[in-house]
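Architecture at a glance
Letter by letter, the chains look like this.
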Amino acid sequence: DTVDLFVNKGVYISRDDDDMVNLITKINLEQNIDTGVNELTVTCLSFSNVLFQRIAFEQINLTETVDICMRALVDKSFINTSEARKISFIKLGSMTYFGSKIVKQVTEDYNILDAVQELAIAYDIGFKFVLNESKNFVFTLYRGIDRSINQTEVDPVEFSLGLNNLNSFYNY
């Protein structure tokens, strides 16, 4: 895979075949003692972890569809907030219209990543930041594709030692 790589800690990294943005957290260059080849290992976190750096500045009462509520948490924490808390390169993606109306309260000092993850898990919605043409990080919501054997719309994905697509090193 081609990688857009600016190898500096704290810089983002993305792949040409995936729109998710990651933040470089660790860089390690070592020489393989068996082959003599230099090996570069870059460790990353999803840019979505930026949500962990914010807590609710005040109590937030949410009474909309789950997607609007998730967007509101990001908006109130990064975009339409006090000048000192604004991050100009974080934007909201297009509307997705997932789910029915919910009621949720996020208390003051509650972590924004935790609040967004709770909603995502409860309503089966994914979230990520993608990089747009203007180099803004865009908060995006999506639904995954059900590839279980319990559906008939798309080919299922099956994992099995018999299919040779699992590494037997791990305990399942």
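The coordinates are above.
Scoring rules and cut-offs
Residues numbered from 1 in each chain as written. Predicted model: local features only at pLDDT ≥ 70, side-chain atom pairs only at ≥ 80, totals over all residues. Heavy atoms only, no water. Helix = DSSP H or I, 4+ residues; strand = E, 2+ residues; numbered from the N terminus. Buried < 20%, exposed > 50% of the residue type's maximum accessible area, 1.4 Å probe, protein only. Areas by Shrake-Rupley, 256 points an atom, 1.4 Å probe, with all protein chains shown as cover. Pairing = 2+ DSSP bridges. Polar contact = N/O pair within 3.5 Å; in protein donor to acceptor, adjacent residues only side chain to side chain. Contact = heavy atoms within 4.5 Å. Phe/Tyr/Trp six-rings, centres within 6.5 Å; stacked < 30°, edge-to-face > 60°. Lys NZ or Arg CZ within 6 Å of the ring centre and 35° of its normal. Salt bridge = Lys/Arg side-chain N within 4 Å of Asp/Glu carboxyl O. Expected span 1.5 Å × (residues − 1). Arc of directions from axis to C-beta.

Before going further, it helps to examine the overall build of the chain. When helices and strands are counted, the chain shows 2 helices and 9 strands. Listing the helices and strands of the chain from first to last along the sequence gives β-β-β-β-β-α-β-β-α-β-β. Within the chain, buried positions represent 30% of all 172 residues. Looking at the chain as shown, the accessible area adds up to about 11,600 Å², and 49% of this sits on carbon and sulfur atoms.

Next up on the list: the pairing of strand 8 (residues 126–131). Of all 6 residues that make up strand 8, 5 are buried, and the element is covered over most of its length. Across 6 bridges, strand 8 lies against strand 9 (residues 137–142) in antiparallel orientation. Along strand 9, the bridge assignment pairs Lys-128 with Thr-140. Taken together, strand 8 and the strand that follows it, strand 9, pair antiparallel across an intervening segment of 5 residues, in which Lys-135 is found at a positive phi of about 65 degrees.

Another aspect to go through is the side chain of Lys-128. Here Lys-128 shows up in strand 8. A polar side-chain atom of Lys-128 sits 2.7 Å from a polar atom in the side chain of Asp-19. If near-sequence neighbours (up to four positions away) are discounted, Lys-128 is found in contact with Asp-19, Met-20, Ser-48, Val-138, Phe-139, Thr-140 and Tyr-142.

The subject of this paragraph is the packing of aromatic side chains. Enumeration according to the criterion identifies 6 aromatic pairs in this entry. Between Phe-47 and Phe-137, the aromatic rings sit 4.0 Å apart at their centres with planes inclined by 15 degrees, giving stacked as the arrangement. Of the two residues, Phe-47 sits in the loop between strand 4 (38–46) and strand 5 (60–62) while Phe-137 sits in strand 9, which places them 90 residues apart along the sequence. Judged by its relative accessible area of 8%, Phe-47 falls in the buried class. Here Phe-137 falls in the buried class, since its relative accessible area comes to 7%. On the numbers, 5.6 Å between centres and 65 degrees between planes, the contact of Phe-89 with Phe-137 is edge-to-face. Within this pair, whereas Phe-89 is found in the loop between helix 1 (66–79) and strand 6 (90–92), its partner Phe-137 is found in strand 9, the two being separated by 48 residues in sequence. Among the aromatic residues, those joined into a ring-pair cluster are Tyr-12, Phe-47, Phe-89, Phe-127, Phe-129, Phe-137 and Phe-139. Looking at Lys-128, its charged tip hangs above the ring of Tyr-142, at a distance of 5.0 Å from the centre.

This paragraph deals with the pattern of salt bridges. Applying the stated criterion to the full structure yields 3 salt bridges. Residue Glu-83 is joined to Lys-86 by a salt bridge in which the shortest nitrogen-to-oxygen separation is 3.5 Å. Given the relative accessible area of 63%, Glu-83 is considered exposed. Under the relative-accessibility criterion, Lys-86 is labelled partly exposed at 37%.

Moving on to helix 2 (residues 112–123). For the α-helix, the turn length of 3.6 residues means that residues three or four positions removed from each other point alike. For helix 2, which comprises 12 residues, the first-to-last C-alpha distance of 17 Å matches the rise-based estimate of 16 Å (1.5 Å per residue) to within 8%. Along helix 2, the positions that sit buried rather than exposed are Ile-112, Leu-113, Ala-115, Val-116, Leu-119 and Ala-120. Considered in projection along helix 2, the buried side chains sweep an arc of 165 degrees and stay on one side of the axis. What points out from helix 2, more than 90 degrees from its buried face, is the exposed set Ile-121 and Ala-122. Looking at the packing, one finds that the buried side of helix 2 touches helix 1, strand 7 (104–106), strand 8 and strand 9. Where helix 2 begins, the side chain of Asn-111 points an oxygen toward the backbone nitrogen of Leu-113, at a separation of 2.9 Å. Asp-124, located one to two residues past helix 2, shows a positive phi value of around 55 degrees.

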